[in-house]
Amino acid sequence: MKNNKKHFANVFIAFLLLGMVSSCSDDFLDEELTTQRSTEYFTTEEGIQSLITGAYYKVLASPFPSEQQFATTNYGADEFHVGGDDTNSPWNNYDGRFNSIIITTRTQAQEPWDNFYAGIAMTNQAIEAIETIDSNNDAIKRTALGEAHFLRAYNYLKLVRQYGGVPIKTTVSTTVELEFTRATAEEVLAFVIEDFTKAYNLLDNGVIFPAQISKDAAAHYLAKAYLTRTSEINDSWNESTKSADLEAVVRLSDEVIANHPLAANYQELWDFTEPDGDNEFLPELILSAQFSRDRSLVTSNFSTVPFTARYDDLPTMKRDLTGMRPYSRLAATYFTYDVFDKVNDSRFWKVFRTKHRVNRGGTFEGVDYTAGEDLGIMYIINSPDDDRFDLTINNNNPDILYNGKTIPHVYVAHAADGVGLLPNPRFPSLSKHFDSSRSSINDNRGLRDEILARSAETYLMAAEAKIRMGAYSDALSYINAVRNRGAYKNGEDRSFYTDGAEAYPTSEFTQPIEDNSYIKENSYYESNSIPVSTDATDLTITGTASLPAEDEAVFAILGVSGEYDRMLNLVLNERTRELCGEWHRWEDLSRTLTLVDRAKAYNPEAAPNIKEHHVLRPIPQTFLDGIYKDGVTLTPAEKAAMQNPGY
Amino acid sequence: MKKSNHTKFKEAFLLCFLFLSVGLFAQEKSISGVISDGTGMPLPGVNVVINGTTNGTGADFDGNYSITASEGQTLVFTSIGYKTKEVLIGSSNTYNVSMEEDSALLDEVVVVGYGTTKKSDVTGAIVSVTADDINSRPVNNAIEAMQGKAAGVDISSNERPGSIGNITIRGVRSLSASNAPLYVLDGIPLISGGIENINPTDIESIDILKDASATAIYGSRGANGVVIVTTKRGKTGRFTLSYNSAITTQTLNEAAPQFNAGEFVEYRRWAKYYENPDTFPRGDQPTIANDEAIFSGDDTAFNNILRGWESGSWDGSKLITTDFTDFVTRTGFTNQHTLSASGGSEKMKAYGSFGYINNTGSVIGQSYERYNAAVSVEITPTDWLTFGGNLNSSYSTQEYGQSTSGNVGVSAQSGLYQSARSIFQYTLPFDSDGNRIDFPGGDIAVKTIIDEDLYSQDQRVTLRAFGSFYAQLDFGAFGSTLKGLKFRTNFGPDIETYRNGSFLDGQSVIRTGSSYAALRKRQRLSYTLDNLLLYNRTFGRHDVGATLLQSQTQFIEESNFMAADNIPFASQKWNALSADNVALSRYDSDLIEQQLLSYMARLNYGFDNKYLLTVSGRYDGASQLAEGNKGAFFPSAALGWSIDKEKFLVDSNWIDQLKLRVGVGVTGNAAIKPYSTQGGLYPLFYPIGSTGVSGVQLVTDDSDEKILANQDLGWEKTTQYNYGLDFSFFSGRVAGGLDYYNSETTDLLLRQAIPSITGYVNTFANVGETKSSGIDLTLNTVNVRTEDFQWSSDISASWQENEIVTLANGKEDDIVNNWFIGESLGVIYGYESDGIWQESDAAEIAQFNANGHTFSPGNARPVDQNGDFVIDANNDRVIVGSTIPKYILGLTNTFKYKDLELSVFLFGRFGYTYNTGGEGLVGRYNSRKVDYYTPNNTNAEYQKPIYSAGFGDTYFGTLGYRSGSFIKVRNISLGYNLPQKITNDIGLSKLRFYVQAQNPGFIFSKVDWIDLDVTRPANNDAGYSLGNSASNRGFTVGMNVEF
């Protein structure tokens, strides 16, 4: 009996011990990441190309799903002010909330900074991998390397234009690094030019324009970097490089312009009817951030919403897919309204939405309105000396009729009551980024590409370089090329209007047609009060002495005089007329040191607060607090010294 | 016939589980009697043995026994849980015996991890919660059962049915790694938590190991304390059937009323005025035209405002006030039922139970339903082998209510109740035609919640099964030399399947026209396999024990997710996400694996029951740490000295127990996510034209994934010293334990913000060293004791404080991460408040404004620390306070009068700063009713309102720092035990009724508009389902029946 017991016990123990031994094999604790690739991937050509694709997204497209893009480029300048919604307004207002810590629920001080460097880290990784890999493949050693240099320079150019000198980081980080200091703007710009030059030398134009980075894109941005270096903000140190830089701008611009003819009609640029449609591949386009319908793509474009005025809360109106989601962050200023020759220049009427159809209907102040039929909202953007209107806000005004019927809501830019459009969340919305292919009324995720560079801007960069060289008539020929593309063509219906709302049939969301507040008309004739005409117009400027009246009015307000300043301000005005709302403005005004004067003159919320130091952004406090010098954190005095002056 | 059958049956039954005690019948005489417990209740299964013989018997179910013995012999009555009783047989043939419960805490058994020990032999700081404590009030889960019962254990409440509160043991140490303790269920450490799935009625005891000398045997997972939950077992000799039932009603109690209709209108007028005094009239000089301008967009609401103008001048009280929370709240009911049976013989013990709980929350759309089944069997087929298994399973359905899943709303709140609170009270839910007004007040950011229960659903179904199976070999059966040596294998599988389906109609408050459905499924499989060699033996006055362990744990999680917009029709919910039906907007699947390999040895030595020594060492290897840093060793040692057993005290008539404990141990923490050292890449597609091209990113826009993979990541280690005193005086009138501890944590594992120049904004790093110390006091006193009346108090109090000693770069403060040398881990660093700017400060305001500020009277005023008339981040931010409570108090007073028992449970936290966030007062949104600045009310609590869609006042946040101290009455309970006579008559052994009031109110709170109990203090992560101002208040009626 006892023996039997022992026998069983021995078997039992042997069994357990066996389990014990077999279970603790050596690799039990190995951690295998099977669902993600590791940085080992970058030792392969495929990995390098994947990283470049990721960097395309990070550098070119990722600013667009947030409020960072407009906050850093459109707010706080002369073209736009805070619309009905001030959620992200510190970036416009320069008030007590705008400092190294920005008091906002949206774009924090460190957000753009962190994002720029996240993109730079990817390009550093790519460049290191390409330099390490043993390959003779041009796709890697030329194209991928060129793209990496381009994307790195692109972000450093953004950084230097926003912050001035910043830390230059060109290596890959694998452990915590804490010691950083700012390079000078001169060093950063030299680095940017070096990187863009490498890209220019490595890349060619055998690409899908404007989706892929090309030699022309490198040329355009290299010109922009040179132009930035010659700008007023760098005048304390840029004397020695100035004339060579300006010549380079012209040379590079000419090269780009030759390959990228302007679209015949300004309208074509904004005639978005479906994601990845024809207008996203116009020859004029040099580079754009790509967005597309496929839901597996991480990309989405938020830009459809911040420029949209409130329309949905008005009687007879409701929110709809074609009306966009009204974030009302940005409303045009009177600079923008008045800088256009609104009779002869088609560009204002092609990118600002001035009419909304009734889409809810119902009775408003005793008048019945029918959805899908009557006009609901009209903006009359008239000339400052138009004396036809007593009131800015006209509800059911019997003197303003559409097809013989009153209009529930009419807003007049210049009326005798002097109220104006600035205090009201009602304004003509800039429609350049509009997109009705989104999946529902309130879906912020736009599918439309964002133009980053097009040759009209290249023309104006060349023009600016020529002005800086004193070659004014050369400059005018570049400017006139852009202006005359914006003039009316013979036979053109000047009241015709279209924008990205036209893409609504491609949305997976459907709404009854009478719900569309979008209407293919503008208020050209109501605003200008001229007889219907289909004649061509001409916007040619013949000489520096006879600049357009709109520009002269701006010069008068800004106190601009002298041929050079008049011409420089002319090109800045022309940039608004051509490029308004295209993510350049704040940087153009800050680098030319025209920001403070222009914001004071035209931006009502910025005017009381803006000071000289606001031409550079505050260095984020998270950076100042986080870095070390010689193994210790910075003292308050050292932080203050590292901060841009005035913050 | 019948009767004899019955008797036969009974005898057979008795034989079955008490056959060992059935011996030879002596000749003398037959003795019989009834055995009862202290309350007079019959006690079944008591062993009756004639002293000095092997002759014995057992009592039947009714406590009757009979035995043959002769005069002069002594009967010995023994039963687990009762004091042994001896009766000398005289001339009588009947001896009714009353067994006295062995109530002395001293011999309670305490689970110490990989074994049990007598409480008197414990050398570490351990606090136990018994089944009686748990059953004293109905709780939804084990976590609630511990609330306030254990010193040093801080548990917050959660108001959402089926969701649990947050638990920390001896304070927060790590703000980014997990602070959750390790849960051990029936000996199996749970790698993924989930203790809330256990039916609390099935719990026999909860033992909480607090100090490192106790937790070190769990090594790497012991740093945050260990909670050992032991479920009920069958007991030899006692067969019981019990039924517990309770019904609870709950209503929502709101601590922060909002502006009513008239007050809000006046508040927004002021906000508009202060936004632009040139455009808008003063708030106290209203005009209809101005109201029309600032309250546009909702005619029904504006007509309500016009009621205030009916008399020609403004009268805010004439408006209809609509509290939209009325539409989303209800009286919640909780039904709980548990039926359990248990019993056992020497060879086999079993316990089984079914449990059911149904909790409909006080917010519409929230509910929780759970079925539990538990079974436990232990078989001892031979004297050398014991085999057993426990299975605890649960199936629960949580209707989460509105969540933020699928949210595209403009200004969605975190839950339905908060959404309802965000709707202006001057608006009406329906227009004159009776249609729902989608945007009451005409603001796109404020959507109605009317009918939301029809439009949103978030359903979470969890099936969880915990197993614990073991086989134990007793070598003692093979020979006396091997006595005390045992080998044991534990196998603990843990299976969870989880399904979360959500559906939102386009009408939902958090949707904007298009519908949405999502389905997430997750399966977790983990197991623990332990091999243990145990040795326990007494040699004279020497008690020797040894435990050797080899253990491995593996965890595998597979999950998948899919979501789509524009679901064709609502009844499809999340159940028809097919390619034929709808295009998916998102989908993913994932796999996570994690392993732990351990070896442990523990030695116990006791001399004369007076001097006790425990030494242990554990080696753990964790897969998620970096290569080369995976393994670590965690030693511990503890000494106990039972002073009361020393000669000089043994005769003391007032000291029952006095024991000194000293312990030291090292514990670790590797509570970081798997793959944190791997630097995985994030895939994406980027379109080139319309073609998606595959790419990778180093980080994504998700802030959790901007992490630099730290390839040096190693163990965090905490060395803790614990000094404890257990005492019991005056026959248990005063008893308790006092512990002082101090600990040092090195290589603190934290998420650290790093300069983004590297491309990353965070990393996990071993950042430095902290120390903490604290005192835990448990005190049970019987204040008054008379024949019919008793008043006793149970106090659990703790004090703790921690500070950072060094950081990665030595004695350098790390502002970005909010870490300061010499300060607590959870400090608030920012601008201090100097109240509100007043008109009389005009000169100073001018000096500040000359430096770029935009201050005006009525603005919040921060302190200019260096007096340079500039508020700047470099010079004026200071440490405002610590968010970690220094003192935590739980106090239960129990009053017993005859069969009635009343207990009152108080809970409080003290000595910390709570950041209420200030009041934005932007006029656009609904607001709590606050005392705000106007020219007529300059001595206000808060700044002047400034209309904005973002932030109005720049420094309003400075007005939000408050002391967070409070004392709250969490529970008042009144119970009634039916007298024995009555229960006997109706054939029950126990019947108890009780009523309770839950959460009746605060005794005091420094922040009276926030329920700080439902708010986690350390990170202000408030809210759960109700925001931070509301909590449930309820009443329970319940009963316990035992047959």
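Bear in mind the structure is a predicted one, so any value in this text is a computation, not a measurement. All residue numbers here refer to positions counted from 1 along the written sequence of the relevant chain. Lettering of chains starts at A and numbering of ligands starts at 1, both following the order in which they are written. Only residues with pLDDT of at least 70 get local features here, since the model is predicted, and only at 80 or more are side-chain atom pairs given and counted; chain-wide, interface and lining totals rely on the full set of residues. The basis for every side-chain value is the complete set of non-hydrogen atoms in the structure, without hydrogens or water.

Some remarks on the sheet that holds strand β36 (residues 762-766) of chain B
Backbone-to-backbone hydrogen bonds join strands into a sheet, with any given pair of strands oriented parallel or antiparallel.
Residues and elements named next belong to chain B.
And then number 1: DSSP-based pairing: two strands are paired if at least 2 bridges between them are found. In this text, helices come from DSSP runs of H or I with a minimum length of four residues, and strands from runs of E with a minimum of two, each type numbered from the N-terminal end. Judged by pairing direction, the sheet is mixed, and its three strands sit side by side in the order β32-β36-β35 without closing on themselves. Edge positions in the open sheet fall to β32 (707-708) and β35 (749-753), since each of these has one partner strand only.
And then number 2: Note: β32 against β36, two bridges, orientation parallel. Each residue of the ladder has a partner; that of I707, found in β36, is N762.

Concerning a negative patch on the surface
And then number 1: Together, D27, D30 and E32 of chain A together with E627 of chain B make up a negatively charged patch on the protein surface.
And then number 2: Positionally, E627 of chain B belongs in the loop between β27 (611-622) and β28 (631-642). Within this analysis, patches are made of residues with over 30% relative accessible area and no salt bridge. Like charges are joined at 9 Å or less; nonpolar side chains (Val, Leu, Ile, Met, Phe, Trp, Tyr) at 5 Å or less. For every accessible area listed, the method is Shrake-Rupley and the probe measures 1.4 Å; residues are considered covered only by the protein chains on display. A pairing counts as a salt bridge when a side-chain nitrogen of Lys or Arg comes within 4 Å of a carboxyl oxygen of Asp or Glu. Charge convention: Lys and Arg are scored as positive, Asp and Glu as negative, and His as well as the terminal groups of each chain are ignored. In this description, the location of a charge corresponds to atom NZ of lysine, CZ of arginine, CG of aspartate or CD of glutamate.

What about the sheet that holds strand β3 (residues 56-58) of chain B?
Residue and element names in this part refer to chain B.
And then number 1: Taking strand neighbours across the sheet as the criterion, the four strands line up as β3-β2-β5-β6 in an open arrangement whose pairing is antiparallel. Looking at the sheet topology across the chains shown, the edges are occupied by β3 and β6 (85-88). Taken over all neighbouring pairs, the strand axes of this sheet differ in orientation by 20 degrees on average, direction set aside.
And then number 2: As paired elements, strand β5 (residues 74-78) and β6 share four bridges and run antiparallel to each other. Considered in β6, the bridge of T74 is made with L88. Convention adopted: a line fitted to C-alpha atoms gives each axis, helices being fitted over their contacting stretch, and angles between N-to-C directions are expressed from 0 to 180 degrees.

Remarks on the pattern of salt bridges
Residues and elements named next belong to chain A.
And then number 1: What the rule picks out here adds up to 90 salt bridges over all chains.
And then number 2: One salt bridge in this structure joins E521 and K355, with 3.3 Å as the shortest N-O distance. Here K355 lies in strand β5 (residues 355-357) and E521 lies in the loop between α14 (472-485) and α15 (524-528), a separation of 166 residues in the sequence.
And then number 3: Given a relative accessible area of 2%, K355 falls into the buried group.
And then number 4: Through salt bridges with shared partners, a single network forms among E284, D345, R347, K432, R454, R483, R485, D551, E574, R577, E578 and E582. Burial classification: accessible surface area is computed with a 1.4 Å probe over protein chains only, and a residue below 20% of its type maximum counts as buried, one above 50% as exposed, and the rest as partly exposed.

Observations concerning the domain arrangement of chain A
Residues and elements named next belong to chain A.
And then number 1: As annotated, the domain borders come from an automatic or database domain assignment. Taken as a whole, chain A is organised into domain 1 (1-66 + 109-228 + 617-647) and domain 2 (287-452 + 486-548 + 576-582).
And then number 2: The gap between the C-alpha centroids of domain 1 and domain 2 is 42 Å.
And then number 3: The interface is formed by 14 residues belonging to domain 1 together with 13 residues belonging to domain 2.
And then number 4: For the pair domain 1 and domain 2, the two sides together bury roughly 1,100 Å², of which 70% comes from carbon and sulfur.
And then number 5: Throughout, the accessible surface (probe 1.4 Å) given up by two parts as they are put together, summed over both, is called the buried area. Summed over the three residues of domain 1 that lose the most area to domain 2, namely Y57, F64 and P210, the buried surface amounts to 45% of that side.
And then number 6: Our count for the domain 1 to domain 2 interface comes out at zero salt bridges.
And then number 7: Of all the elements in the fold, those that place two or more residues in the side of domain 1 that touches domain 2 are α2 (45-61), α6 (138-163) and α8 (215-230).
And then number 8: Note on residue categories: nonpolar means Ala, Val, Leu, Ile, Met, Phe, Trp, Tyr, Cys or Pro, charged means Asp, Glu, Lys or Arg, and polar means any other residue, Gly included. When grouped by side-chain class, the residues that make up the side of domain 1 that touches domain 2 number twelve nonpolar, two polar and no charged. Here a residue-residue contact requires only that any non-hydrogen atoms of the pair lie within 4.5 Å.

Structural notes on the side chain of E550 of chain A
All names here are of chain A.
And then number 1: Mapped onto the fold, E550 is located in helix α16 (residues 549-558).
And then number 2: An unpaired buried charge is present at E550: no salt bridge exists, and R577, the closest side chain of opposite charge, is 4.7 Å distant.
And then number 3: When sequence neighbours within four positions are dropped, the list of residues in contact with E550 reads D338, V339, F340 and D341.

Re the environment of E275 of chain B
Residues and elements named next belong to chain B.
And then number 1: As for its position among the elements, E275 is in helix α5 (residues 261-275).
And then number 2: A relative accessible area of 36% means that E275 is categorised as partly exposed.
And then number 3: Taking C-alpha positions, E275 is 45 Å from Q998, a pair spaced 723 residues apart along the chain.
And then number 4: Discounting chain neighbours no more than four positions away, the residues touching E275 are F280, I946 and Y947.

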